[in-house]
Amino acid sequence: MVRHRNQLPEPISVHLHGGHVSPEDDGHPADLVQPGQSKDYFYPNTQLAATLWYHDHAMDVTAPHIYAGLAGLYVLEDPGEAGLGLPRGAYDIPLVIQDRAFAADGSLIYPGMSSTSLLTTGFLGDTLLVNGAPWPYAPVAARKYRLRILNASNARHYMLALSNGQPFTLIGTDGGLLPTPLDVPMLSVAPAERVEVVVDFARDGVGASVVLQNMMGQGQLSQVLRFDVTRVEADDSSVPSVLRPIARLDPAEAVQTRDWTLDLRGSGRGATWVINGRPFNPSRIDARPQLDTVEIWRFRNPSTMMHPMHVHDVMFQVLDRDGLTPEPTEQGWKDTVHVEAGQTVQVIARFTDYRGIYVFHCHNLEHEDHEMMSQFEVV
Ligand code: C2O
Ligand code: CU
Ligand code: CU
């Protein structure tokens, strides 16, 4: 149970992103906690170990609220994972990546919604922060580290790579560990996605610096974080060749296939992002999956922008991208999938434990606030 007291001048709603919780505890955008009020959220934590996060979800103002700081990390552990021997404690580091824009006095700049580019691209800042710090660096020992990377940016998509040319050892994504570790040279991390990697600084040696780079950014947007290898330390951690088996959901089990088309409706100031042609309406339910059944959801993106689609309540598996094998970061459980312009992505999920109303939406926060959200009710 977590009690949130709202001491802000505006209503808020708290969502545990990736959490499998009842609708009452899910932070629905209309389930507001008014200024001066509090709400108790119950998180049973009966799900696999994973890096989750929590953030504001108030209707139409999630983007400015998260931008102003209403987001945090929620690390769920379990004995199975603890027994694997992965780097722990001081060697298990969360990295929350966000982009911001600052005025000369250090205050945050957030353009008004009258800016049409804000609606189109979502907010894109010129300064990267890691865990709230601009131009960050971290002193590390010459050994292995587990890095839990969360893209908590409003709209920016990162392509991460290490400046020493070493691949990442990818061990987990949104829903926790992958079945086996994978060596990947570059990692795509769209808004709300998480990747967990092991990086071994022993290869570089004391005195070296290794930069976590963003291959999708120029200038200061290309450098996320600098690791300075400052000391030698013993390392008894390891990355086992088997992490945690994942039972694949069988498409033949699906009782329903649903199509969701992601597009822009209208133009200029009157434009809105819509799903199946309709803007969000909290009194409309667009799908009613049956409890304990499996469904395939097909996200089709005829628009010219990428949409990171997020479904509350469930973890899903990515079946394919335009018929092709999903990316390495999509070999495990996911709650957010990036759907590139022109692409169709199919995911599969089982709706378990809770009946009731949940939302799903684009996690480009300006798109989300500007109506790219819909509701389903588990019946
Ligand atoms: Cu991370 Cu509905 O949100
Ligand atoms: Cu969520
Ligand atoms: Cu979008």
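Model, not experiment: these values are computed from the prediction.

(A) Molecular detail of the coordination of the copper ion (ligand 2). Around the copper ion (ligand 2), the protein contributes the donor atoms His 15 (NE2) and His 310 (NE2), which lie 1.8 Å from the metal centre. Of this pair, His 15 sits in strand β2 (residues 14-17) while His 310 sits in strand β21 (residues 307-311); the two residues are 295 residues apart in sequence, bridging distant segments of the chain. Overall, the relative accessible area of 1% leaves His 15 in the buried class. Of the residues examined, His 310 reaches a relative accessible area of 1% and is grouped as buried.

(B) Expanded view of the side chain of Asn 151. For Asn 151, the position within the fold is in strand β10 (residues 144-151). Among the polar contacts made by the side chain of Asn 151, one reaches the side chain of Ser 153 at a distance of 2.9 Å. Beyond its immediate chain neighbours, meaning those up to four positions away, Asn 151 contacts Trp 53, Ile 97, Arg 156, His 157, Tyr 158, Val 189, Ala 190, Pro 191, Ala 192 and Glu 193.

(C) Up close: the coordination of the copper ion (ligand 3). In the first shell of the copper ion (ligand 3), the protein supplies His 307 (ND1), Cys 362 (SG) and His 367 (ND1), at 2.0 to 2.1 Å from the metal. Considered as a linear motif, the donors of the copper ion (ligand 3) on their single chain read H-x54-C-x4-H. Here His 307, found in strand β21, pairs with His 367, found in helix α4 (residues 365-369); they are 60 residues apart in sequence, far enough to count as distant. His 367 carries the same exposure label as His 307, and that label is buried.

(D) Local environment of the pattern of salt bridges. Evaluated as defined, the whole model comprises 24 salt bridges. The shortest N-O distance in the salt bridge between Arg 231 and Glu 233 comes to 2.5 Å. Exposure remark for Arg 231: the relative accessible area of 33% places this residue in the partly exposed category. For Glu 233, a relative accessible area of 24% gives the class partly exposed.

(E) Spatial organisation of the sheet that holds strand β5 (residues 71-76). Strand order in this open sheet of 3 strands is β2-β4-β5, and the pairing throughout is antiparallel. Both edges of this open sheet fall to β2 and β5, since each of them pairs with a single strand only. Taken pair by pair, the neighbouring strands of this sheet meet at an average axis angle of 25°, ignoring direction.

(F) Broad picture of the environment of Arg 5. Tracing the chain through its elements places Arg 5 in strand β1 (residues 2-5). Judged by its relative accessible area of 59%, Arg 5 is exposed. C-alpha of Arg 5 to C-alpha of Ala 247: the two residues are 242 residues apart in sequence and 40 Å apart in space. Residue contacts for Arg 5: discarding those within four places in its chain leaves Gln 37 and Ser 38.

(G) Structural view of the side chain of Asp 99. In this fold, Asp 99 is placed in strand β6 (residues 92-100). Using a relative accessible area of 0% as the deciding quantity, one classes Asp 99 as buried. In this structure the side chain of Asp 99 is engaged in a polar contact, spanning 2.9 Å, whose partner is the backbone nitrogen of Gly 125. Of note is the side chain of Asp 99, whose polar atom sits 2.9 Å from the side chain of Arg 156. Among all residues touching Asp 99, those that are not within four sequence positions of it are Tyr 67, Phe 123, Leu 124, Gly 125, Thr 127, Leu 128, Ser 153, Asn 154, Arg 156 and Tyr 158.

(H) Expanded view of the layout of surface pockets. A volume near 320 Å³ is recorded for the largest pocket. Among the residues forming the lining of the largest pocket, the class breakdown is 6 nonpolar, 6 polar and 3 charged. Computed from the structure, the second largest pocket encloses a volume of approximately 230 Å³. The wall of the second largest pocket is formed by 13 residues, among which Ala 155, Arg 156, His 157, Met 305 and Met 306 lie closest to the centre. Residues belonging to the lining of the second largest pocket are distributed by class as follows: 8 nonpolar, 3 polar and 2 charged.

Definitions and limits used
- Residues numbered from 1 in each chain as written.
- Chains lettered and ligands numbered in written order.
- Predicted model: local features only at pLDDT ≥ 70, side-chain atom pairs only at ≥ 80, totals over all residues.
- Heavy atoms only, no water.
- Donors = N, O, S within 2.8 Å, 3.2 Å for Na, K, Ca; no water.
- Helix = DSSP H or I, 4+ residues; strand = E, 2+ residues; numbered from the N terminus.
- Buried < 20%, exposed > 50% of the residue type's maximum accessible area, 1.4 Å probe, protein only.
- Polar contact = N/O pair within 3.5 Å; in protein donor to acceptor, adjacent residues only side chain to side chain.
- Contact = heavy atoms within 4.5 Å.
- Salt bridge = Lys/Arg side-chain N within 4 Å of Asp/Glu carboxyl O.
- Pairing = 2+ DSSP bridges.
- Axes fitted to C-alpha atoms, helices over the stretch in contact; angles between N-to-C directions.
- 1 Å grid on protein atoms, 1.4 Å probe; cavity = no way out; pocket = protein on both sides within 12 Å on 5 of 7 lines; lining within 4 Å.
- Points joined across faces, edges and corners; volume = space filled by probe spheres on them.
- Nonpolar A, V, L, I, M, F, W, Y, C, P; charged D, E, K, R; others polar.

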